[in-house]
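Below, each chain spelled out in residue letters.
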Amino acid sequence: AGEFIRHEHLFGNCFKEMSGISSKVYRELELVKQTTQQKVNKLKLATDDHTGLEILHLFVLDLLGRDTPAANIFTKKSDEDFRHTRVVTMQMKIVAGLILFCL
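All of these numbers come straight from a predicted model, not from anything done at the bench. (Residues numbered from 1 in each chain as written. Predicted model: local features only at pLDDT ≥ 70, side-chain atom pairs only at ≥ 80, totals over all residues. Heavy atoms only, no water.)

K.L.:
Just to check I follow, could you spell out the overall build of the protein for this structure?
P.N.:
The number of helices and strands found in the protein is 4 helices and 0 strands. Each helix (α) and strand (β) of the protein, taken in turn from the N terminus, gives the series α-α-α-α. Expressed as a percentage of its 103 residues, the buried residues of the protein come to 8%. Accessible surface, the protein: about 9400 Å² in total, of which carbon and sulfur atoms supply 66%. (Helix = DSSP H or I, 4+ residues; strand = E, 2+ residues; numbered from the N terminus. Buried < 20%, exposed > 50% of the residue type's maximum accessible area, 1.4 Å probe, protein only. Areas by Shrake-Rupley, 256 points an atom, 1.4 Å probe, with all protein chains shown as cover.)

Shown next, in the form of structure tokens:
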């Protein structure tokens, strides 16, 4: 009887640990979902070149581990080496062209 209780105790801890892991995975998936939605909204206006570069950057971050020191170094170095550009929609370019033409 004592052996059965001891095994039951071991399995109980295993299930508790698994439920803790599943909650961590769920939180991570929610974070990824939020980040993805932000990136998709940002990239709707971007060119294919900008979108491809952003996807490549996110892929490397995933390989390095998003919150690891290596990923942080990669992000900081990328920010230094690659200049950020503002995406200007075609409509804004047309409006600016018309304003310049009217002047």
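The structure having been displayed, the exposition proceeds.
K.L.:
Can you walk me through the side chain of Glu54 in this structure?
P.N.:
Structurally, Glu54 can be placed in helix α2 (residues 48-64). Once residues within four sequence positions are removed from consideration, Glu54 is found in contact with Lys39, Lys42 and Leu43. (Contact = heavy atoms within 4.5 Å.)

K.L.:
Would you mind going over α2 with me for this structure?
P.N.:
In an α-helix, one full turn covers 3.6 residues, which means residues spaced three or four apart are oriented alike. Along its 17 residues, α2 runs 24 Å from first to last C-alpha, staying within 8% of the 24 Å computed at 1.5 Å per residue. All of the buried residues in α2 are Glu54, His57 and Leu61. Down the axis of α2, the smallest arc covering the buried residues is 60 degrees, so these residues share one side. Residues of α2 that are exposed and point over 90 degrees away from its buried face: Asp48, Asp49, Leu56 and Leu63. Directly beyond the C-terminal end of α2, a positive phi value near 95 degrees is found at Gly65. (Expected span 1.5 Å × (residues − 1). Arc of directions from axis to C-beta.)

K.L.:
Help me understand the packing of α2 against helix α3 (residues 69-81), please; the structure alone is not making it clear to me.
P.N.:
Helix-helix packing is characterised by the crossing angle of the two axes and by the distance between the axes. Between α2 and α3, the least distance of the axes is 8 Å, while the angle of their chain directions is 155 degrees. By the angle class used here, α2 and α3 are roughly antiparallel. As for how α2 packs across α3, the hand of that crossing is right-handed. Listed contacts from α3 to His57, Val60, Leu61 and Leu64 of α2 are Ala70, Ala71, Phe74, Thr75 and Ser78. Residues belonging to the contact of α2 with α3 are distributed by class as follows: 6 nonpolar, 3 polar and no charged. (Axes fitted to C-alpha atoms, helices over the stretch in contact; angles between N-to-C directions. Parallel < 35°, antiparallel > 145°, perpendicular 65-115°, else oblique. Left-handed = near helix turned anticlockwise from the far one by under 90°. Nonpolar A, V, L, I, M, F, W, Y, C, P; charged D, E, K, R; others polar.)

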